[in-house]
2 protein chains.
Amino acid sequence: MEYKTDIEIAREAQKQPIQEIGARLSIPSEHLLPYGHDKAKVGEEFIKSIQGRQNGKLILVTAINPTPAGEGKTTTTVGLGDGLNRIGKKAAICIREASLGPCFGMKGGAAGGGYAQVVPMEEMNLHFTGDFHAITSAHNLLAAMIDNHIYWGNELEIDQRRVVWRRVLDMNDRALRDTVTSLGGVANGFPRQTGFDITVASEVMAILCLATDLEDLQRRLGDIIVAYRRDRTPIYCRDIKADGAMTVLLKDAMQPNLVQTLENNPAFVHGGPFANIAHGCNSVVATTTALKLADYVVTEAGFGADLGAEKFLNIKCRKAGLAPSAVVVVATVRAMKMNGGVAKADLGAENVDAVKAGCPNLGRHIENIKSFGVPVVVAINHFVTDTDAEVQAVKDYVASQGSEAILCQHWAKGSEGTEELATRVAEIADAETSDFAPIYPDDMPLFEKIETIAKGIYRADAVVADQKIRTQLKDWEEAGYGNLPVCMAKTQYSFTTDPTVRGAPTGHSIPVREVRLSAGAGFIVVICGEIMTMPGLPRVPSAEAIGLNDDGQIEGLF
Amino acid sequence: MEYKTDIEIAREAQKQPIQEIGARLSIPSEHLLPYGHDKAKVGEEFIKSIQGRQNGKLILVTAINPTPAGEGKTTTTVGLGDGLNRIGKKAAICIREASLGPCFGMKGGAAGGGYAQVVPMEEMNLHFTGDFHAITSAHNLLAAMIDNHIYWGNELEIDQRRVVWRRVLDMNDRALRDTVTSLGGVANGFPRQTGFDITVASEVMAILCLATDLEDLQRRLGDIIVAYRRDRTPIYCRDIKADGAMTVLLKDAMQPNLVQTLENNPAFVHGGPFANIAHGCNSVVATTTALKLADYVVTEAGFGADLGAEKFLNIKCRKAGLAPSAVVVVATVRAMKMNGGVAKADLGAENVDAVKAGCPNLGRHIENIKSFGVPVVVAINHFVTDTDAEVQAVKDYVASQGSEAILCQHWAKGSEGTEELATRVAEIADAETSDFAPIYPDDMPLFEKIETIAKGIYRADAVVADQKIRTQLKDWEEAGYGNLPVCMAKTQYSFTTDPTVRGAPTGHSIPVREVRLSAGAGFIVVICGEIMTMPGLPRVPSAEAIGLNDDGQIEGLF
């Protein structure tokens, strides 16, 4: 049997005008700012006008630790949204925007796959509505104003060795990781060592995704710490007087983007913070807006549940006052096999024992999510080579953990393949059994917050950190930042800090290498391992194969 | 009397939906890609479908050498377009897009002024439809792919000291002019010295503005020389295999943007190459599209006529097969006074003698334009302090040069203030007296082309250039680039290379400091003086005053 590629399926989409998609959520067309015929931003005034409404029910889609086999978290998010609409519910989807840089490297797009996709796929993987470009501009304006301040006399007494605000580009460009700027003499300023991160790693991105409105956005931008003086006192973005102009640059970007699934159901695609050095979920504005407009909102969090769901629940939900009614954990038979020790090349052969051996990774995630007081259901994202016995093994395992697993075939069949999942998720959400609470309180000391996650979620025995790091955390507590949540930056491939350790390990420790204060976003980043904030391109970048075909269609984006 | 500011007037605009503006040019709404309710891109397919139509008449608006008094070239372009519509002609305007960087520095916007403005003014001075962001991305993708090629083994044998492709940002950031990249060890590549230019200075910008369609765009992008080998042989963008992906990134940006004037007349705002190291006019696609849709198309060129009109006529018209029917030279009484030796502080007082003393600058430009075979009319852009005697002095001077000058009051009155100018321009254009030809043929040797402009336009006695430069030009002629036009980069404030020399000087020489080959754009840049390709911010950047007011409106952009 021949399968169509994602892009072939996306091209066959029978898209409806975006005004009709908006109408399904009762958004008047004058409050939809169109970008072409199939994308629109939802106007700020309209969003303000619906704040008094009741919220719909929030459903989080998360996953096991990612493996090279692929899990299909976004695909399942889209499939579940379509499934809920299929069974007659008014449902909307909330996902992140794709980063331009990785599209030209080796990463696929972020719009789902098969018959569970969001369209227009090409635009979503390119400039979309320009939000990331706006973030790049706002971030780099602040950088230029810092160096400009130093150039013109440095009234704020910035220690040039302690400028912590780098620059960003939405590009995979390893040459920019570590640079010296302001060479070339007096007219170009004072040389100093700095560098560039990819735009999604910008604190401005995290801020945009957590801000509730433009006022909150500007306040948070003003709170960014950009540098320190020789006496270690911080200098804020507000001191540089960049917060107003940055807000103006981000005015449109703050409005959530509306697009549609292949089945013409509404999807909000907005924001895309890194899932390691930031919290990795779509914007609070998009999620809260969707909750006012739909009865069910399906959203996802980056990476596996240990990183993504943990941060969604401990950071985003805490900050935005959200409480999920149900969590779906996506697993695949193939990923279970890899967790059970099978190599990628051997995934095609049936291996029930390996599936069983890999299931504890899934079990650990289920248990973790339950510790937040939220009901869990497992979605088995079906792959064509999966055998009935293998699928049954996963179902049996999940049942033995007191949960249930449902086979989903949305990749091949669209919403027809998620009817059962949608029905069950709606039942769970409607039963209102969720009793959500973050797993640590605001007023817990910062180091204890790290320990709570390391022990409660990663199942480590201990957190290892130098005195310097512990002192830094204490200093921040004294400076009034002790009530912030912690944002863990760790490999997504394992519960441990070793990406090769699969399954459900115990007995390990979590070394904290560095802590960073994101005062504007409002969290402490805890770095446990190598974190790359500017990716590189591979030997043969996918950009080499991207181009227009003879019909003017885009080839090579996927 | 109190005058409203530009932004106050712009906010009061009674904008029509962009579909209605398109309808005035018979563009079906399905071929207008909306960006919000007041901006749209004109679809590529529609543009292809109208290629067989007759062209309307092209009118170029240019100016005397700019002075701190301000001339109002864009304002007059808008005013004339509105005036033509007022007298019953079907007219469209074509102007350049504004660069984001300077808006946060000290420069005003580029949307006209008073009652002769294009709206939405704020968006045009911010992200607009994202064209410049697309150019930034395409430019920097190529840069990343060059360093990536070297990193993975340098199969093309690029001499790392001879990479000529820099990076760009749409930002005034002097710290990025001169940098060292790829520091930090093996994983980050090979350290080398490079830097950033502002996006408008990118060759990609010049290419986008000269390309006739996507195919031509990709061919030109492929032709860009990015580096040289040790044996000095060039390496092209095509060798790096970046041209396809760059074209994909620029696909939407190639479609011209349609907006409206305060009087609801159609205006195309598309492209914005630097007027010194590039040719400084809006895109060929916008101009040729407008000519198919309107009977009269009013456009402008950057800086004074010696630079802007010269390049418009010798580069853009030559390359795109365009021929203007009339040229309007904008002058002001105040600028004449400054050319006559009056300081800016003293411009308020009547000084007919100074006006007369300054007029030869205007006369020189009139004479120059006529040398291209095109009829000229002078627009005196009225300022409130101008006296009747001063205005009459300009009119008398222009009459003595065999041309005519018409007083225009569009800034204060909109199209009512340009009725006379519009009537006269339409008469001239309809009389079809224009006999346009570039002032040098394609096959003239490159150095002679430079001399033709220096002697014919700048009225210099000689061009001074080192043997090295002459040899370089010879080498390019041998390599097949001898038929390219030359793109002069010189101060815009004087006919000489000394910005302080006003009026109509003679007896000077033009020193050529450097020549650069823009093989993709298709011209040789001839640098005569200091050319800044990355501006800096002033001591108090205007960004500090930009912000949202309590009504959510943008303040501080002007």
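Structure: see above.
Below you will find a few notes about this structure. Bear in mind the structure is a predicted one, so any value in this text is a computation, not a measurement. (Residues numbered from 1 in each chain as written. Chains lettered and ligands numbered in written order. Predicted model: local features only at pLDDT ≥ 70, side-chain atom pairs only at ≥ 80, totals over all residues. Heavy atoms only, no water.)

Considering the overall build of chain A
Rules: Going along the chain from the N terminus, every DSSP run of H or I of four or more residues is numbered as a helix, and every run of E of two or more is numbered as a strand. For a compact globule the rule gives 2.2 Å times the number of residues to the power 0.38, and the radius of gyration it is set against comes from C-alpha atoms. Exposed residues in this analysis have more than 50% of their type's maximum accessible area, buried residues have under 20%, and partly exposed residues fall in between, with area computed by a 1.4 Å probe over protein chains only. Residues are treated as being in contact if the distance between any of their heavy atoms lies within 4.5 Å. Here, Shrake-Rupley sampling with a 1.4 Å probe gives the accessible areas, and only protein chains in the shown set may cover a residue. His is not counted, nor are the chain ends; Lys and Arg add positive charge and Asp and Glu add negative charge. A single reference atom marks each charge: NZ on Lys, CZ on Arg, CG on Asp, CD on Glu.
In terms of helices and strands, chain A carries 20 helices and 25 strands. Taking 2.2 N^0.38 as the reference for a compact globule, 558 residues should give roughly 24 Å; the C-alpha atoms of chain A span a radius of gyration of 23 Å, in line with that estimate. C-alpha extents for chain A along the principal axes are approximately 70 × 55 × 50 Å. In chain A, which comprises 558 residues, the proportion classed as buried is 64%. A separation threshold of at least 6 residues defines the contact pool for chain A, and within that pool the share at least 24 residues apart is 75%. Element-wise, carbon and sulfur atoms account for 47% of the exposed surface of chain A, whose accessible area totals about 19,300 Å². Side chains of chain A give 55 positive and 69 negative charges; the mean places of these two sets differ by 4 Å.

Thoughts on the pairing of strand β11 (residues 225–228) of chain B
All names here are of chain B. Let me state the cut-off plainly: Pairing between strands requires that DSSP locate at least two bridges from one strand to the other.
When β11 meets strand β12 (residues 234–236), the two strands line up antiparallel, connected through 3 bridges. Counterpart to Ile 225 in the pairing with β12 is Tyr 236. Hairpin geometry of β11 and β12 is characterised by an intervening segment of 5 residues between the two adjacent antiparallel strands and by a positive phi of about 70 degrees at Arg 232.

Describing unusual backbone geometry
In this structure, Pro 120 of chain A follows Val 119 of chain A across a cis peptide bond, with omega equal to 5 degrees. Within the secondary structure, Pro 120 of chain A is located in the loop between β6 (116–119) and α6 (121–125). With phi around 60 degrees, Phe 303 of chain B is a residue other than glycine that occupies positive phi space. Within the fold, Phe 303 of chain B resides in the loop between β15 (296–300) and α13 (308–320).

Some remarks on the sheet that holds strand β23 (residues 523–528) of chain B
Residues and elements named next belong to chain B. This is how it is decided: For helices, the fitted line uses only the C-alpha atoms of the stretch in contact; every axis is such a line through C-alpha atoms, and the angle between N-to-C directions lies from 0 to 180 degrees.
Read from one edge of the open sheet, 3 strands run β20-β23-β22, paired in mixed fashion. Taken across any chain shown, the strands that pair with only one partner, and hence form the sheet edges, are β20 (486–490) and β22 (514–518). For this sheet the average axis-to-axis angle between neighbouring strands, irrespective of direction, equals 20 degrees. Two strands pair when backbone bridges link them, and β20 and β23 are joined in this way by 5 bridges, in the parallel orientation. Residue pairing across strands places Cys 487 opposite Val 525, the latter belonging to β23. Sheet contacts for helix α20 (residues 467–481): β22 and β23; angle to β22, the most-contacted strand, approximately 15 degrees.

Without other data, these values stay purely geometric and don't point to any function.
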